[in-house]
Amino acid sequence: MKTHLDSSTPVSREFTNVPLVRCAGLARTFGRGSSAVVALHHATCEIEAGQLVALVGPSGSGKSTLLHLLAGLDSPTAGTLEWPALADAPLRPGPVAVVFQAPSLLAPLDVLENVALPLLLAGAERAPANEAALAALRALGLDTIATKLPDELSGGQAQRVAIARALAGSPRLILADEPTGQLDHDTAAAVVDALIAAAERSGAALVIATHDHDIATRFTTRWRVADGRLYTNGPGR
Ligand code: ADP
Ligand code: MG
């Protein structure tokens, strides 16, 4: 993570306008030779604090590939990728949080333990981790189910718990990869509302990949991916 400000620099307007993530000419090819798949060609984008973006495109167009790169979960095969506003600390758990299509809660742990786990793994003490987990659950109206096991939850509840888990670390950038792909229409809308509200409340940026038109229309900024090409202000905006 590059930054030209050190930790003693006061937070200024200039600092808050520094992008959370910036990429240029970003590409990702899977495989080699005749079996190589170019999943992403030359993508250029910038995401600032508070920005809410729907990343739309059909299945196989490259949405997950781009999100995984922006999250630092994968490395590009070409181009530049940097997180200028984020400190020299691990991206996750920390300033970048990822929400996937499946909630992936751990079955033996209750809701509160699931949400607190990443904080404990990152070295937090149990009491503050539980407190942060409970606050994240409360913000999503889930504190009443804190002692339930994943098996006892509906699909929508489980996905909102996964969102609480992502938010418990107070991220500045939330990357959600088709987080409503397994939910019915009304539940999906409630989950997206919860994500948008959480991002707005904390000033975090949110990028949500979706191929659901109704969800995309809830965002004024829509980026389109087609055949591995990212259009940030072209077709689909
Ligand atoms: P989307 O999320 O829009 O459905 P993806 O980013 O998952 O699309 O995939 C884009 C392209 O890259 C697809 O052709 C997909 O098959 C390919 N791809 C993605 N991940 C891998 C991988 N690990 N190995 C090989 N090909 C991959
Ligand atoms: Mg995908």
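Above this note sits the structure.
Cut-offs and rules
- Along each chain, the written sequence defines residue order, and numbers are assigned to residues from 1.
- Labels are handed out in written order, letters beginning with A for the chains and numbers beginning with 1 for the ligands.
- Note on the predicted model: pLDDT of at least 70 is required for a residue's local features to be given, and 80 or more for side-chain atom pairs to be given and counted; whole-chain, interface and lining totals, by contrast, use all residues.
- The side-chain quantities take in all heavy atoms of the structure and omit both hydrogens and water.
- Residues are classed as near a molecule or strand on a simple rule: at least one heavy atom within 4 Å of it.
- Within 3.5 Å is the distance limit for a polar contact, defined as a pair of N or O atoms, with the added protein rule that one can donate a hydrogen and the other accept it, and that residues adjacent in sequence qualify only through two side-chain atoms.
- Helix and strand assignments come from DSSP, with helices taken as H or I runs of at least 4 residues and strands as E runs of at least 2, each series counted from the N terminus.
- Here the term charged refers only to Asp, Glu, Lys and Arg, the term nonpolar to Ala, Val, Leu, Ile, Met, Phe, Trp, Tyr, Cys and Pro, and the term polar to all other amino acids, Gly among them.
- When two cysteine sulfur atoms lie within 2.5 Å, the pair is treated as a disulfide.
- Between buried and exposed lies partly exposed: a residue is buried under 20% and exposed over 50% of the maximum accessible area for its type, with that area taken using a 1.4 Å probe on protein chains only.
- Whether two strands pair depends on DSSP finding at least two bridges between them.
- In this scheme, a helix's expected span is set at 1.5 Å multiplied by one less than its residue total.
- Arc definition: it is the arc formed by the directions from the helix axis to the C-beta atoms.
- Contacts are assigned to residue pairs with any non-hydrogen atoms lying within 4.5 Å of each other.
- Helix axes use the C-alpha atoms of the stretch in contact, all axes being lines fitted to C-alpha atoms, and the angles between their N-to-C directions lie in the range 0 to 180 degrees.
- Angular relationships are summarised with four words: roughly parallel below 35 degrees, roughly antiparallel beyond 145, roughly perpendicular across 65 to 115, and oblique for the angles in between.
- Should the near helix be turned counterclockwise from the far one by less than a right angle, the crossing is left-handed, whereas a clockwise turn marks it as right-handed.

**A short note on the site of ligand 1**
Then comes step 1: Around ligand 1 sit Phe30, Val37, Ala39, Pro58, Ser59, Gly60, Ser61, Gly62, Lys63, Ser64 and Thr65, and that is every residue in its neighbourhood.
Then comes step 2: For ligand 1, an oxygen atom lies 3.2 Å from a polar atom in the backbone of Ser61.
Then comes step 3: One of the side-chain N or O atoms of Lys63 is found 2.8 Å from an oxygen atom in ligand 1.
Then comes step 4: Counting residues per element, the shell around ligand 1 draws most heavily on helix H2 (residues 63-70), which supplies three residues.
Then comes step 5: When grouped by side-chain class, the residues that make up the shell around ligand 1 number four nonpolar, six polar and one charged.

**Side note on the state of the cysteines**
Then comes step 1: Throughout the structure, instances matching the rule amount to zero disulfides.
Then comes step 2: Take Cys23: it sits in no disulfide, and the sulfur closest to it among the cysteines is that of Cys45, at 3.2 Å.
Then comes step 3: In this structure Cys23 comes out as buried when scored by relative accessible area, which is 2%.

**A short note on the pairing of strand E7 (residues 205-210)**
Then comes step 1: Within E7, six of the six residues are buried, which leaves it mostly tucked inside the rest of the structure.
Then comes step 2: Residue alternation in E7 divides its side chains into two sets, Ala205, Val207 and Ala209 and Leu206, Ile208 and Thr210, and both sets are buried.
Then comes step 3: Strand direction decides the pairing type here: strand E3 (residues 52-56) and E7, joined by five bridges, are parallel. Each residue of the ladder has a partner; that of Leu52, found in E7, is Leu206.
Then comes step 4: In the sheet, strand E6 (residues 173-177) pairs with E7 via five bridges, with the strands oriented parallel. Bridge assignment links Ile174 to a residue of E7, and that residue is Leu206.

**So, helix H4 (residues 126-139)**
Then comes step 1: Taking 1.5 Å per residue, 14 residues should reach 20 Å; H4 reaches 20 Å between its end C-alpha atoms and fits that length.
Then comes step 2: Residues of H4 that are buried include every one of Ala129, Ala133, Ala136 and Leu137, and no others. Down the axis, H4 shows its buried residues gathered within 100 degrees of arc, on one side only. In H4, those exposed residues whose orientation departs by more than 90 degrees from the buried face are Ala127 and Glu131.
Then comes step 3: On its buried face, H4 is in contact with helix H3 (111-121) and helix H5 (155-167).
Then comes step 4: Following H4 by one or two positions, Gly141 adopts a phi angle in the positive range, close to 70 degrees.

**A look at the packing of H3 against H4**
Then comes step 1: Where H3 meets H4, the closest approach of the two axes is 8 Å, and the angle between their N-to-C directions is 125 degrees. Between H3 and H4, the crossing angle belongs to the class labelled oblique. In this structure, H3 meets H4 at a crossing whose hand is right-handed. Along its contact with H3, which presents Val111, Leu112, Val115, Ala116, Leu119 and Leu120, the element H4 presents Arg126, Ala129, Asn130, Ala132, Ala133, Leu134 and Leu137.

These figures come from the coordinates and say nothing about function on their own.
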